[in-house]
Amino acid sequence: MSRAFDVGLESLSALVANPAPANGPNQSPTVAPADGGKSFFIETFGCQMNDHDSEKVSGVLLGRGYRAVESPAQANLVLYNTCSIREKAAQKVFARLGDWKTTSNGKIIGVLGCLAQQEGEEIFERAPWVSLVCGSASYRRLPDLITDLESGGRRVTGLDLDTDETFETEITRRDNPFRAYLTIIEGCDYSCSYCVVPHTRGPERSRSSDSVLAEVRRLADAGYTEIQLLGQTVNSYRDPSPRKWNFVNLLQAVAAVPGIRRVRFTTSHPNDFTREIVEAIDSTPALCDHIHLPVQSGSTRVLGAMRRTYTREQYLEKIEWIRSARRPISLTTDIIIGFPGETETDFEETLSLLSAIQSDGVFAFKYSPRPNTPARDWPDAVPEEEKGRRLAILQEHQRRIQIANNELLIGKEFEVLVDARHSARDQWAGRTTSNRILNFTSPHGNLLGEYVQARITRGGPNSLVGEQLL
Ligand code: 5AD
Ligand code: SF4
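Residues numbered from 1 in each chain as written. Chains lettered and ligands numbered in written order. Predicted model: local features only at pLDDT ≥ 70, side-chain atom pairs only at ≥ 80, totals over all residues. Heavy atoms only, no water.

### Here we look at the side chain of D53
- With respect to the secondary-structure elements, D53 resides in helix 2 (residues 48-63).
- A distance of 3.2 Å separates polar atoms of two side chains, one belonging to D53 and the other to R201.
- If we ignore the near neighbours within four places in the chain, the residues touching D53 are N81, S136, Y139, F167 and R201. (Helix = DSSP H or I, 4+ residues; strand = E, 2+ residues; numbered from the N terminus. Polar contact = N/O pair within 3.5 Å; in protein donor to acceptor, adjacent residues only side chain to side chain. Contact = heavy atoms within 4.5 Å.)

### Side note on the nonpolar core
- Counting 67 residues, the largest nonpolar core has I184, L229, F265, Y315 and I322 as its most contacted members.
- Broken down by element, the residue count for this core peaks at seven residues, all from helix 9 (residues 247-255).
- F41, Y80, L115 and A127 belong to the second largest nonpolar core, which has 23 residues in total. (Core = buried A, V, L, I, M, F, W, Y, C linked by side-chain atoms within 4.5 Å. Buried < 20%, exposed > 50% of the residue type's maximum accessible area, 1.4 Å probe, protein only.)

### A closer look at the sheet that holds strand 3 (residues 66-68)
- The six strands lie next to each other as 3-2-4-5-6-7, forming an open sheet whose pairing is parallel. The strands lining the two open edges of the sheet, one partner per strand, are strand 3 and strand 7 (156-158). On average, adjacent strands in this sheet sit at an angle of 25 degrees to one another, irrespective of strand direction.
- Pairing analysis gives four bridges linking strand 5 (residues 108-113) to strand 6 (residues 130-134), with the strands arranged parallel. Pairing of I109 across the sheet is with V130, part of strand 6.
- This element, helix 2, spans strand 2 (38-44), strand 3, strand 4 (77-82) and strand 5 of the sheet and lies at about 175 degrees to strand 2.
- Packed onto the sheet, helix 6 (residues 142-150) meets strand 2, strand 3, strand 5, strand 6 and strand 7 and runs at close to 170 degrees relative to strand 6. (Pairing = 2+ DSSP bridges. Axes fitted to C-alpha atoms, helices over the stretch in contact; angles between N-to-C directions.)

### Some points on the site of ligand 1
- Around ligand 1, a shell composed of I85, R86, Y194, Q296, D334, I336, F365, K366, Y367, S368 and R370 is seen.
- Within the side chain of R86, an N or O atom sits 3.0 Å from an oxygen atom of ligand 1.
- In the environment of ligand 1, an oxygen atom lies 2.6 Å from a nitrogen or oxygen atom belonging to the side chain of D334.
- Protein contacts shield 86% of the accessible area of ligand 1, which totals 400 Å² for the unbound molecule.
- Of all elements in the fold, only strand 15 (330-337) and strand 16 (361-366) reach the threshold of two or more residues within the shell around ligand 1. (Near = heavy atom within 4 Å. Areas by Shrake-Rupley, 256 points an atom, 1.4 Å probe, with all protein chains shown as cover.)

### Some points on the packing of aromatic side chains
- Taken as a whole, this structure holds seven aromatic pairs when the rule is applied.
- Geometrically, the ring pair formed by F247 and F265 is edge-to-face, given 5.1 Å between the ring centres and 75 degrees between the ring planes. One end of the pair, F247, is in helix 9; the other, F265, is in strand 13 (residues 262-266), with 18 residues separating them in the sequence. Grouping residues by exposure puts F247 and F265 together as buried.
- Ring geometry for F339 against W378: centres 6.0 Å apart, planes inclined by 85 degrees, an arrangement best described as edge-to-face. With F339 in the loop between strand 15 and helix 13 (344-357) and W378 in the loop between strand 16 and helix 14 (384-407), this pair connects stretches of sequence that are 39 residues apart.
- When its relative accessible area of 0% is taken as the criterion, F339 is described as buried. (Phe/Tyr/Trp six-rings, centres within 6.5 Å; stacked < 30°, edge-to-face > 60°.)

### Remarks on the pattern of salt bridges
- Applying the stated criterion to the full structure yields 33 salt bridges.
- Of the charged contacts, one joins R370 and E87 as a salt bridge, the two residues approaching to 3.0 Å between their closest N and O atoms. Of the two residues, R370 is situated in the loop between strand 16 and helix 14 and E87 in helix 3 (residues 87-98); the sequence distance between them amounts to 283 residues.
- Residue R370 is classed as buried on the basis of its relative accessible area, which comes to 1%.
- Of the charged contacts in the structure, one is a salt bridge between R399 and E396, with a shortest N-O distance of 3.3 Å. Taken as a pair, R399 and E396 lie in helix 14 at a separation of three residues, close to a single helical turn.
- For R399, a relative accessible area of 39% puts it in the partly exposed group.
- Taking relative accessible area as the criterion, E396 reaches 30% and is therefore assigned partly exposed.
- A cluster of three or more residues bridged by salt bridges with shared partners is formed by R179, E226, R261, R262, R264 and E415. (Salt bridge = Lys/Arg side-chain N within 4 Å of Asp/Glu carboxyl O.)

Take a look at the structure:
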């Protein structure tokens, strides 16, 4: 295979020599306009896996001579990389597709990702101006699908889920110059009763450790110092090569690559969360002191109905391992509110679990029934209004926990990788290794991309304020 490489956004201008023609939606006649150029625009919905898939899809297109443009109006090929985890996410995509109902002439409109897989050819029925529907398990076929489109194909699909391959590209257009995403495992072999992912992303497939490490080395050569390993259940990683590494072996090898200062990973499944992961973080400074470990509910009864494969007590035991580490490890989690049959008592158990685990962040979602999932038609649905009430209570409960914990950090020092500047507030912003957002003042000029030490002066619910240590 030829050498793969990475294109940061900043170097795109060199790769993409000519700016795109400023065509309005009506003025883009074919996929190859008179100047012979081919241009694309991709909008991404949903999770980090989708963000990174879009980076790889962009790489495929750049490798085929397409130019990236800044608006869909300028593009010949408009792609939506979609999410269907909750009903709202799916509705948003259909609203976006609706924008092209009368204005798509000549443009190729494509739907990628989870909604594509979930709805399949139905999308052509609902939006006949769409020409490409492709789920993530078929991204390896994208070059062929695009060739089909270029040679006049009207409706092309990639909807096969039966694969043991992962999507690797020779070029990846990385949008974030500070943190490089890297998928190590795709799909999911769990079958949580509320979740579309096993249906939209297919069975679990791990990438070989050689291929992962080669990419990490390339990223280090390209100047990246922070890597985020991605997977729906990232810690279920099993090296398919004869080395047969487990997740911890891979973590340690990635952290040992010269030039790599921070390694993150998301999302971990509690069932595959081992003590060894905590020990590896404890003993390896480059492994970030943050774990995202979705619990979904604090009630063992609800967890059973969700088919999460662990009890409240088993989850709490894993949190105990994390809390007894020598290095303080930050924790975040996900909660689903109002799963069918969730009683007030179940909900209170979720609140008490949040009090017990003292996490630094909670992503809480109202349960949304999804197609092709067992829980979709289950009885005892919690009314929307009640879900909203519980969500508001949970958010306030968690807000207090975060304020109290962040106030305890006043006076402490953290290393920050600076990734933004807020001119109006005269502050720099970045993330600590524990993934906390830290806004801080500094007398220095350009700090973007730098690692600096800062001391906390104030703690809010969702971020910290501080000053650079000089
Ligand atoms: N309804 C609400 N939230 C959901 N999630 C997954 N499926 C659903 C659903 N049907 C949430 C879970 C998961 C996060 C990514 O999205 O909390 O961890
Ligand atoms: Fe969905 Fe459960 Fe798989 Fe996570 S582990 S992606 S919630 S099925």
